[in-house]
Amino acid sequence: MADEVVLLDFWPSMFGMRVRIALAEKGIEYEYKEEDLRNKSPLLLEMNPIHKKIPVLIHNGKPVCESLIIVQYIDEVWNDRSPLLPTDPYQRAHARFWADYVDKKVYEVSRKIWTTKGEEKEAGKKEFFEIFKTLEGELGDKPYFGGETFGFVDLSLIPFYSWFHAIETFGEFNMEAECPKIVAWAKRCLQIETVAKTLPDQKKVYEFVGQMRKRFGLE
Amino acid sequence: MADEVVLLDFWPSMFGMRVRIALAEKGIKYEYKDEDLRNKSPLLLEMNPIHKKIPVLIHNGKPVCESLIIVQYIDEVWKDRCPLLPIDPYQRAHSRFWADFVDKKVIEVLMKISTTKGEEKEAGKMEFFEIFKILEGELGDKPYFGGETFGFVDLSLIPYYSWFYAIETIGELNIEAECPKIVAWAKKCLQKETVAKTLPDQKKVYEYVEQMRKKFGNG
């Protein structure tokens, strides 16, 4: 029986991008459905009644929600190719810890930078640099967070790269100057076809964020 | 080689209790170290430099942090007995989703009820009941969230039961009246030796919470 895989998503969502990369890494064919988050589809509300958010993976009619949970599900179902998590339990716990760190920290602080002004924005920038310095420390001299190969932590973080141009422009700083190791790592990831094909253009994201800022009365 | 397992914890922590239950379920011998959170030990700061929080499991000298990550680690290492997560990937994703829901929602609303007054507190109480009504919906007619047996979601939620007396007293609410199914479920869980031996006495927790409130000027 052929698998039926549907992804409810929104093109600039870093969380959605994680799932798109995972599906691409595994070579899974799926139907992509773009959601209008100001007018959520009945399907989305039915498949994720609790959070009403994207991404939602619908596998043979059954929904899986929350991006990192979806990625682990994909890894466990299609376990015959391109492992996304390590096999060793300690390495798996380590990967989950850092993906969780990205989840807890990066989105909130990025949002702070493009949705605030003045002192709040400066505080956001300071926090942003601290978080990325911590991530650079974890990366160390490894080519990827996963070691020699692109893995779960890389996948959880790389989508934010598509937002860097927007964040550094509205934040008035230079990402490469502040966090050179992260930018070098990101460019390395972008040499991977699945990542390059998934991440939207940074200028498109910048325009999208600009529109959002207008709506929040920031422009 | 015998396993060396150490748990850095704090007796009223719901997050720590999850790990204690998991270790008990698997019959793992370990050394328990209670931390003074106002004076964190050098060991804690060394083992969890990122978040500086308990619980931390130290297995043969290597730290694992974040309670749900620790529980999954325990399940994967000691996989020959008492499975904590289901085997089927969809059921696993479902369990992870609900444990994540507990993580995202319950502690925050508890904090709101214990640390605010007036309208904010009333809003917190309403939110509390909404969240627990959703959990009752997920539980349905099953004896446990895990189905016929105590599982990952049950383990992630049951520690909060030791805080119910404190929440009811400080929040001026009656959980059993509003959420009878949850209380019935909790009492069923408490018939399990591992849970009964792990959860601290509700009155002890209440005294602890009252001390904290006095210190922060809420009591």
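Residues numbered from 1 in each chain as written. Chains lettered and ligands numbered in written order. Predicted model: local features only at pLDDT ≥ 70, side-chain atom pairs only at ≥ 80, totals over all residues. Heavy atoms only, no water.

**Q** Just checking my understanding: could you explain the overall build of chain B for this structure?
**A** In terms of helices and strands, chain B carries eleven helices and four strands. A globule of 219 residues ought to have a C-alpha radius of gyration of about 17 Å, and chain B, at 17 Å, matches this closely. Scored against the burial criterion, the 219 residues of chain B give a buried share of 53%. Here the contacts in chain B between residues at least 6 apart in sequence split such that 69% fall between residues at least 24 apart. For chain B, the exposed area adds up to about 10,400 Å²; of that, 53% sits on carbon and sulfur atoms. With 32 positive and 35 negative side-chain charges, chain B shows a separation of 2 Å between the mean positions of the two kinds. (Helix = DSSP H or I, 4+ residues; strand = E, 2+ residues; numbered from the N terminus. Rg over C-alpha atoms; globule rule 2.2 N^0.38 Å. Buried < 20%, exposed > 50% of the residue type's maximum accessible area, 1.4 Å probe, protein only. Contact = heavy atoms within 4.5 Å. Areas by Shrake-Rupley, 256 points an atom, 1.4 Å probe, with all protein chains shown as cover. Lys, Arg positive; Asp, Glu negative; His and termini not counted. Charge placed at Lys NZ, Arg CZ, Asp CG, Glu CD.)

**Q** Would you mind showing me how to read the nonpolar core here?
**A** A general tendency of soluble globular proteins is for nonpolar side chains to be buried together. All names here are of chain A. Core analysis: the largest hydrophobic core is formed by 151 residues, its most contacted members being Phe132 and Leu135. For this core, the element with the highest residue contribution is helix α4 (residues 89-115), accounting for twelve residues. Apart from residues no more than four positions distant in its own chain, Leu135 is found in contact with Trp98, Tyr101, Val102, Val106, Phe145, Leu157 and Ile182. (Core = buried A, V, L, I, M, F, W, Y, C linked by side-chain atoms within 4.5 Å.)

**Q** Just to check I follow, could you spell out the packing of α4(A) against helix α5 (residues 118-139) of chain A for this structure?
**A** When two helices pack together, their arrangement is captured by the angle between the axes and the distance separating the axes. Residues and elements named next belong to chain A. Interaxial distance between α4 and α5 falls to 9 Å at its minimum, and their mutual angle equals 160°. Relative to α5, the element α4 is oriented roughly antiparallel. In terms of crossing hand, the pair formed by α4 and α5 is left-handed. Facing His94, Trp98, Tyr101, Val102, Lys105, Val106, Val109, Ser110, Lys112 and Ile113 of α4, the residues of α5 in contact are Glu120, Lys121, Gly124, Lys125, Glu127, Phe128, Ile131, Phe132, Thr134, Leu135 and Glu138. Residue classes in the contact of α4 with α5 are distributed as ten nonpolar, four polar and seven charged. (Axes fitted to C-alpha atoms, helices over the stretch in contact; angles between N-to-C directions. Parallel < 35°, antiparallel > 145°, perpendicular 65-115°, else oblique. Left-handed = near helix turned anticlockwise from the far one by under 90°. Nonpolar A, V, L, I, M, F, W, Y, C, P; charged D, E, K, R; others polar.)

**Q** What am I meant to see in unusual backbone geometry here?
**A** All names here are of chain A. At the junction of Ile54 and Pro55, the peptide bond is cis and its omega measures out at 0° in the coordinates. Position of Pro55 among the secondary structure elements: in the loop between α2 (42-47) and β3 (56-59). Phi at Asn60 is positive, roughly 50°, even though this residue is not glycine. Along the chain, the position of Asn60 falls in the loop between β3 and β4 (62-65). You will see that Ser82, though not glycine, has its phi angle at about 35°, which is positive. Structurally, Ser82 is set in the loop between α3 (67-77) and α4.

**Q** Could you clarify how one ought to interpret the UniProt feature "domain: GST C-terminal" (unreviewed entry) in chain B in this entry?
**A** Mapped onto this structure's residue numbering, the UniProt feature "domain: GST C-terminal" (unreviewed entry) falls at residues 88-216 of chain B. In residues 88-216 of chain B, helix accounts for 75% and strand for 0%; the two terminal C-alpha atoms are 46 Å from one another. (UniProt positions renumbered as here; feature names shortened; annotations may be inferred.)

**Q** Sorry, what's going on with the layout of surface pockets here?
**A** Picture a little ball the size of a water molecule; that probe, rolled over the atoms, points out where space is still empty. There is about 620 Å³ of room inside the second largest pocket. Taken together, 24 residues make up the lining of the second largest pocket; nearest its centre are A:Glu76, A:Arg92, B:Glu76, B:Lys79 and B:Arg92. Class assignment of the residues belonging to the lining of the second largest pocket gives a composition of ten nonpolar, three polar and eleven charged. (1 Å grid on protein atoms, 1.4 Å probe; cavity = no way out; pocket = protein on both sides within 12 Å on 5 of 7 lines; lining within 4 Å. Points joined across faces, edges and corners; volume = space filled by probe spheres on them.)

**Q** So what exactly am I meant to see when it comes to helix α7 (residues 164-171) of chain B here?
**A** Residues that lie three or four places apart on an α-helix share one face, since the helix turns once every 3.6 residues. Residue and element names in this part refer to chain B. Residues Phe164, Ala166, Ile167, Ile170 and Gly171 constitute the buried set of α7. All buried residues of α7 lie within an arc of 160° about the axis, which places them on one face of the element. On the buried face of α7, the contacting elements are α4 (89-115), α5 (118-139), α8 (175-178), α9 (180-189) and α11 (202-215). Glu172 sits one or two residues past α7 and shows a positive phi near 55°. (Arc of directions from axis to C-beta.)

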